[in-house]
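# Secondary and tertiary structure notes
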Amino acid sequence: MAMNGQELNSRSTQATDSKMAGHQVEDLRGFNPIFYFSQAVGAAIVVLVSIWTIHHRGGFTWRSNPGLEFNWHPLLMTIGLVYLGGNVNLIYRSLRNYGKKGLKLSHACLHGVILILVLFGLVAAFDSHNFAVPPKPNLYTLHSWIGLLTVILYCSQYVVGFISFMYPGIADALRGVLMPYHVFCGVSIFIMSSCAVLTGLLEKAIFTLSKDYASSGEGFLMNFIGLLVILYTILIGYLLHKPSYKRSYRAKNN
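Where an unreviewed UniProt entry is consulted, the protein chain appears under the name Cytochrome b561 isoform X3, with the organism given as Diaphorina citri. The record in UniProt for the protein chain states the following under Cofactor (unreviewed entry): "heme b". According to the UniProt record, the Subcellular location (unreviewed entry) comment for the protein chain reads "Membrane".

This is how it looks when you write it as structure tokens:
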């Protein structure tokens, strides 16, 4: 959208003030196209995982059929930790014009939604092993180790973050010290989530497709989903890494 002379002067004044105060100047050129493209890629991942689990894996049930119950696991984990996980990290940049208090509440609530999805996804995975005939062992693959560690860190990050940034009695100075670590841990957990999805796709393909992996349409679809997960992770990482896309110091105080 084109800006008029008054808006340009206002941006120029803010930029000058920022330079004088030693702050990074906000420059959003290219942000919107990359952000919208990332959302299209994320939505495509969710749609393709849904098609894979419904068309190729037989759909969904709960404990009446442990094999089909498992299908909830890749779908819920992908929606929660990858698609929503990327957006929850990006919320202060994608919704930069909203007030700080509202964004903090939205950030915490969205994390809560992700935790619920993750909980059901974990139950589906363990049920599919424990109620199978005969039962299957749990937590012996690299995927399960990465996934469990990611969930443990995610829960720890949520608890520490909620106490540090939502509890009113915490001093602002302490919050300032904790913030860089909070951001770093959030991005790290998001990357670990993508690694868990990639190893999970490969593990499932090897276990279920075996010799058909090289020639089946399902194998191609799973590989393509994996490539989209990598692309989505890179796009979100770029939007989070670029300093000029950071929410301005003026907006932080509103």
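Okay, the packing of helix α5 (residues 100-130) against helix α6 (residues 142-166) next. Two quantities define a packed helix pair, namely the angle between the axes and the distance from one axis to the other. Two elements in contact, α5 and α6, have axes whose closest approach is 11 Å; the angle formed by their N-to-C orientations is 155°. Considered as vectors, α5 and α6 are oriented roughly antiparallel to each other. Classified by chirality, the crossing of α6 by α5 is left-handed. Where α5 approaches α6, its residues Lys104, Leu105, Ala108, His111, Gly112, Ile114, Leu115, Val118 and Leu122 are matched on the opposing element by Val151, Tyr154, Cys155, Tyr158, Phe165 and Met166.

Next up on the list: the nonpolar core. Ile45, Trp52, Ile225 and Tyr232 are the most contacted members of the largest nonpolar core, which totals 26 residues. Among the elements of the structure, α2 (31-56), α4 (72-94), α7 (172-209) and α8 (217-241) are those that each provide at least two residues to this core. Sorting elements by how many residues they give to this core places α8 first, with 10 residues. Ile225 has contacts with Ile45, Leu48, Val49, Trp52 and Leu201, leaving out every residue within four places of it along the chain. One finds Val88, Leu115, Val118 and Ile189 within the second-largest nonpolar core, a separate group that totals 10 residues.

Moving on, we get to a nonpolar patch on the surface. On the surface, a cluster of nonpolar side chains totalling about 500 Å² of accessible area is made up of Leu139, Leu142, Trp145, Leu148 and Ile152. Take Trp145: it is sitting in helix α6.

This brings us to the side chain of Arg247. Assignment of secondary structure puts Arg247 in the loop between α8 and α9 (249-252). It is Glu26 that comes nearest to the buried, bridge-free Arg247 among opposite-charge side chains, at 7.7 Å. There is a polar contact of 3.0 Å between the side chain of Arg247 and the backbone oxygen of Tyr98.

Opposite charge on two side chains makes pairing possible when the charged atoms of those side chains draw close. Going through the model one piece at a time under the given rule, you end up with 5 salt bridges. The residue Arg57 makes a salt bridge to Glu218 at a minimum N-O spacing of 2.8 Å. Remark: Glu218 occurs in helix α8 and Arg57 occurs in the loop between α2 and α3 (66-69); sequence separation between them is 161 residues.

A few words on the side chain of His182. With respect to the helices, strands and loops of the structure, His182 is situated in helix α7. In contact with His182, other than residues within four places in its own chain, are His107, Gln157, Gly161 and Phe165.

With that out of the way, let us pick up unusual backbone geometry. When glycine is set aside, most residues are seen to have a negative phi, and most peptide bonds are trans. The omega torsion of the bond from Val133 to Pro134 falls at -5°, within 30 degrees of zero and hence cis. With a phi close to 55°, Leu139 is a non-glycine residue in the positive phi region. Its relative accessible area of 39% is what places Leu139 among the partly exposed residues. Residue Ser210 is not a glycine yet carries a positive backbone phi of 50°. As for its position among the elements, Ser210 is in the loop between α7 and α8.

Per the UniProt record, the feature "transmembrane region" (unreviewed entry) sits at residues 34-55, 75-95, 107-126, 146-167, 179-200 and 220-240. Within residues 34-55, the helical portion is 100% and the strand portion 0%, while the C-alpha atoms at the span's ends are 31 Å from each other. Spanning residues 179-200, this segment combines 100% helix with 0% strand, and its end C-alpha atoms are found 31 Å apart.

The rules behind each value
- Residues numbered from 1 in each chain as written.
- Predicted model: local features only at pLDDT ≥ 70, side-chain atom pairs only at ≥ 80, totals over all residues.
- Heavy atoms only, no water.
- UniProt positions renumbered as here; feature names shortened; annotations may be inferred.
- Axes fitted to C-alpha atoms, helices over the stretch in contact; angles between N-to-C directions.
- Helix = DSSP H or I, 4+ residues; strand = E, 2+ residues; numbered from the N terminus.
- Parallel < 35°, antiparallel > 145°, perpendicular 65-115°, else oblique.
- Left-handed = near helix turned anticlockwise from the far one by under 90°.
- Contact = heavy atoms within 4.5 Å.
- Core = buried A, V, L, I, M, F, W, Y, C linked by side-chain atoms within 4.5 Å.
- Buried < 20%, exposed > 50% of the residue type's maximum accessible area, 1.4 Å probe, protein only.
- Patch = residues over 30% accessible without salt bridge, like charges linked within 9 Å, V, L, I, M, F, W, Y side chains within 5 Å.
- Areas by Shrake-Rupley, 256 points an atom, 1.4 Å probe, with all protein chains shown as cover.
- Salt bridge = Lys/Arg side-chain N within 4 Å of Asp/Glu carboxyl O.
- Lys, Arg positive; Asp, Glu negative; His and termini not counted.
- Polar contact = N/O pair within 3.5 Å; in protein donor to acceptor, adjacent residues only side chain to side chain.

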